[in-house]
Each structure stands twice: as structure tokens, then as C-alpha cells.
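As a plain string of letters, each chain reads:
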Amino acid sequence: MWTAFASVFSLMLGYSRVPYAAALDGNYFKAFARVHLEGRFPYVSLLALAAVAALFCFLSLADVIAGLVVIRITLQFLVQAIGLIVLRIRRPDLPRPFRMWLYPLPALAASVGFLFVLVSRTNSLSQIRYAALIVISGVTIYLLRARRHGEWPFREYVRTEKIAGN
């Protein structure tokens, strides 16, 4: 039991650095930028993660695992694959330190595979709704923040063209 507690605590402490770093950059709630005076760890972020994790204790383990799989597939794999394709189409001028062989076929094939895993499971529709709710709320929060700070898509980009000889 102590090993499990230590494992979960170290994992939460590691993940608490993500909202902490985002808060330091001004991209998250300022309260998450606070650190413990003696331990120098982001205690507000750690407590928030612990509270959310405690809420999941009221669900069955099977539901939690299935929900996490759906959320991870939706947010980490599908949205990133779509984002990669959209970025390459909208910003072809960005430097690319690597190339995807047969682009965009691997990203599309992976997306089809992830969608198959997503919908072929039992009771997947309710979990997909939760994942969609998280995506919609994340996009909404981002757009509200972007509007307040005058960032994309509420800012016009001025493209500069390179002039030969300059």
C-alpha cells in the first residue's frame, strides 16, 4: 500500500508541474504558479490534481480506465493528428525539422485505427460524449482566453515576404 501511495504521489507531483509551468507562462490560472515555501513544489496544482483524482474514486475502476483510454485517444492522438495536418496546410512556411514518410497517409491511417478502437468497444458512446465535452470545453476556454489577449484567431497575422538581397 505504501508503494502504491508513493507511486501515485510521485506521479501527481510530476503532473502538477504542467499547470504550474503554464501558470508561470501566463497561460493558466495564477494560483497554480504558487510554490510551497519550504518544499518549493507547486502545492496548489498538486492539491487540485489530488481533488480531481479523489473524485474518480467514486467511479468503478473499469469505468475510469475506459474513460481515460477514450480521452487519451481523442485528445492526444486524434486531435494532434488533425492539428498536424491543419498546421501543415495553413502554415507551409514553418520550418520542419523532420519529415513524415508518405505524409499525410500515416496520420490518416493512425486516425482511422484509433477511431476503430474508439467505437468498437462496448458502451463507447457515453465515453465519447465525455471526451467530446472535454474537447469542447477546452476549445471554449482557449477561445475566451485568446480573445481576451488578442491572440489567434482574434489577431490578424501580417505575413512578411523576403525581399531578394535583404
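Residues numbered from 1 in each chain as written. Predicted model: local features only at pLDDT ≥ 70, side-chain atom pairs only at ≥ 80, totals over all residues. Heavy atoms only, no water.

## Points about the packing of helix 1 (residues 2-15) against helix 2 (residues 17-24)
Contact pair helix 1 / helix 2: the axes reach a minimum separation of 4 Å and the direction vectors enclose 15°. On the basis of their axis angle, the class for helix 1 and helix 2 is roughly parallel. On helix 2, the residues that touch Leu13, Gly14 and Tyr15 of helix 1 are Arg17, Val18 and Pro19. Across the contact of helix 1 with helix 2, the residue classes tally to 4 nonpolar, 1 polar and 1 charged. (Axes fitted to C-alpha atoms, helices over the stretch in contact; angles between N-to-C directions. Helix = DSSP H or I, 4+ residues; strand = E, 2+ residues; numbered from the N terminus. Parallel < 35°, antiparallel > 145°, perpendicular 65-115°, else oblique. Contact = heavy atoms within 4.5 Å. Nonpolar A, V, L, I, M, F, W, Y, C, P; charged D, E, K, R; others polar.)

## Considering helix 2
Owing to its 3.6 residues per turn, the α-helix aligns residues three or four sequence positions apart on the same side. Where helix 2 is concerned, the buried positions are Pro19, Tyr20 and Ala23. Projected down its long axis, helix 2 carries its buried residues within an arc of 105°, all on one side. Residues of helix 2 that are exposed and angled more than 90 degrees away from the buried face: Val18 and Leu24. A positive backbone phi angle near 85° is found at glycine 26, which sits one or two residues after helix 2. (Buried < 20%, exposed > 50% of the residue type's maximum accessible area, 1.4 Å probe, protein only. Arc of directions from axis to C-beta.)

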